[in-house]
Amino acid sequence: MTTTAPRTRPAKTPHAERPAHGPRLPVRILPLTPAIVLLLLFLAGPIAYCVSIAFTDLQLTGQAQESFLGFDNFTRAFGDEAFLNAVWLTLVFTVLSSLIGQNTLGLALAALMRRASKPVRTLTGGIVVTAWVLPEVVAGFLLYAFFRREGTLNAILDWLHLPSQNWLFTLPILAVSFANVWRGTAFSMLVYSAALNEIPKEITEAAEVDGAGGWRRMWHITLPMIRRSIGTNLMLNTLQTLSVFGLIWVMTRGGPGGRSQTLPLFMYEQAFQNSLIGYGTAVALLLLLVGSLFSLIYLRLLRTEV
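Here the structure is a predicted model, which is why all the values come from computation and not from measurement.

A count of helices and strands for the protein gives 15 helices and zero strands. Computed over C-alpha atoms, the radius of gyration of the protein comes to 28 Å, more than 25% over the 19 Å expected from 2.2 N^0.38 for 306 residues, which places it beyond the range of a compact globule. Along the first, second and third principal axes, the C-alpha atoms of the protein reach 115 × 75 × 30 Å. For the protein, the proportion of its 306 residues judged to be buried stands at 36%. Of the roughly 19200 Å² that the protein leaves accessible, carbon and sulfur atoms contribute 68%. Counting 23 positive and 16 negative side-chain charges, the protein places the averaged centre of each group 14 Å from the other.

Attention shifts here to the pattern of salt bridges. Within the structure shown, the criterion is met by one salt bridge. Glu-150 is the partner of Arg-148 in a salt bridge, and the nearest nitrogen-oxygen pair spans 3.5 Å.

Here we come to helix H7 (residues 152-159). Taken as a whole, H7 has its buried residues at Leu-153, Asn-154 and Leu-157. For H7, the angular spread of the buried residues around the axis is 95°, confining them to a single face. The secondary structure elements touched by the buried residues of H7 are helix H6 (136-147) and helix H8 (167-170). His-161 occupies a position one or two residues after H7 and carries a positive phi of about 60°.

Both trends apply: most residues other than glycine have a negative phi, and most peptide bonds are in trans. Following Gly-255, the chain continues to Pro-256 via a peptide bond in cis, the omega torsion being -5°. Note that Pro-256 resides in the loop between helix H13 (246-251) and helix H14 (263-273). Phi at His-161 is positive, roughly 60°, even though this residue is not glycine. Turning to its location among the elements, His-161 is positioned in the loop between H7 and H8. The phi torsion at Arg-253 lies on the positive side, around 55°, for a residue other than glycine.

With that settled, the discussion passes to a nonpolar patch on the surface. A cluster of nonpolar residues, Leu-39, Leu-43, Ile-47, Val-51 and Leu-288, forms a patch on the protein surface that exposes about 420 Å² of accessible area. Looking at which element gives the most residues to the nonpolar patch, the answer is helix H2 (residues 33-53), with four residues. Within the fold, Leu-43 resides in helix H2. Looking at Leu-43, the relative accessible area reads 47%, which means it is partly exposed.

With that settled, consider the packing of aromatic side chains. Note on aromatic pairs: each is described by the distance of the centres and the angle between the planes. Under the defined criterion, the tally for this structure stands at 16 aromatic pairs. Ring centres 5.0 Å apart and planes at 85° place the aromatic pair Phe-146 and Phe-147 in the edge-to-face group. Residue Phe-146 is classed as partly exposed on the basis of its relative accessible area of 23%. Note on Phe-147: relative accessible area 6%, which makes it buried.

Conventions we followed
The numbers attached to residues start from 1 for each chain and follow its sequence in the written order. With the structure being a predicted model, the display of local features is reserved for residues of pLDDT at least 70 and the display and counting of side-chain atom pairs for 80 or more, all residues being used for whole-chain, interface and lining totals. Only heavy atoms go into the side-chain values, all of them from the structure, while hydrogens and water stay out. Runs of H or I in DSSP of at least four residues are treated as helices and runs of E of at least two as strands, each being numbered from the N terminus. It is over C-alpha atoms that the radius of gyration is taken, and the globule rule equals 2.2 Å times the number of residues to the power 0.38. The buried label goes to any residue with under 20% of its type's maximum accessible area, the exposed label to any with over 50%, and the partly exposed label to all in between, with areas taken from a 1.4 Å probe on protein chains only. All accessibility values rest on the Shrake-Rupley procedure with a 1.4 Å probe; residue burial counts only the protein chains present in the view. Only four residue types enter the charge count: Lys and Arg as positive, Asp and Glu as negative, with His and the chain ends excluded. Charge positions are represented by NZ for Lys, CZ for Arg, CG for Asp and CD for Glu. Think of a salt bridge as a Lys or Arg side-chain nitrogen and an Asp or Glu carboxyl oxygen that are within 4 Å of each other. In this description, the arc belongs to the directions extending from the helix axis to the C-beta atoms. Contacts were defined at the residue level, with two residues in contact if any of their heavy atoms lie within 4.5 Å. Residues qualify for a patch when their relative accessible area is over 30% and they have no salt bridge, like charges being joined within 9 Å and the nonpolar side chains of Val, Leu, Ile, Met, Phe, Trp and Tyr within 5 Å. Geometry of aromatic contacts follows a simple scheme: Phe, Tyr and Trp rings, the Trp one being its six-membered ring, pair when their centres are within 6.5 Å, and the pair is stacked under 30 degrees between planes, edge-to-face over 60, tilted otherwise.

Structural data, given as structure tokens:
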């Protein structure tokens, strides 16, 4: 006759009865408290205040108390031809200088510098990065001197016996777009240089052995392998370009006749020159909405990649 030993329950460990993150959660959040307070104070607070005054008729001068207007400032904006013109010029400026100019030129420079000698890489990188680190106002004055009627560009054209013109008057949005490309290409070049260095050399060498030319390697190998870097670079460049103010202000002040007035300049004119703080803040919120839409699109594209 055999007897079975009584089953014993396993001893409970102290961690089994303790919630996974309960007691430790406040301790973990405590070091983040100063950063959270600063974000609420200097970021969320001003944004909430701007949202509140965007629905009022607040002005800088001649007003004892503001009144609540509801969505009147926003409906006024969409009925304002100057605002619609600023929206169109902002899109043109962003597409020309960021999506096409900085992105394409930065990738081209990164690809060429990868095959260039060390002295050429050092010289080219130094020139491009110098344009990037210059203050926006200084860069604006340099490009103003380049494009003005008696400027460097027309002097070169006269020396080549080619027709010259007042570029800041005839083609102001193209002039400021070129200026933004000249100043901001370095960021794209650095991003793409880091991405290209991560591509294994064995893959490109195998493609060369198979007879793939430079364009085919770029289209079928390089671009697919750096697509996440392309998406990230486009998102950051787009957000930076949407907020460009000082460069255009120094070169053209949005003129002539509003032909280079993007949304940041239109917002500044309404808020501080026309003293319409409520209306200008409503335009600023619309610009913030445009930037948020671009960010969501890019993040969506990056999320769907495998």
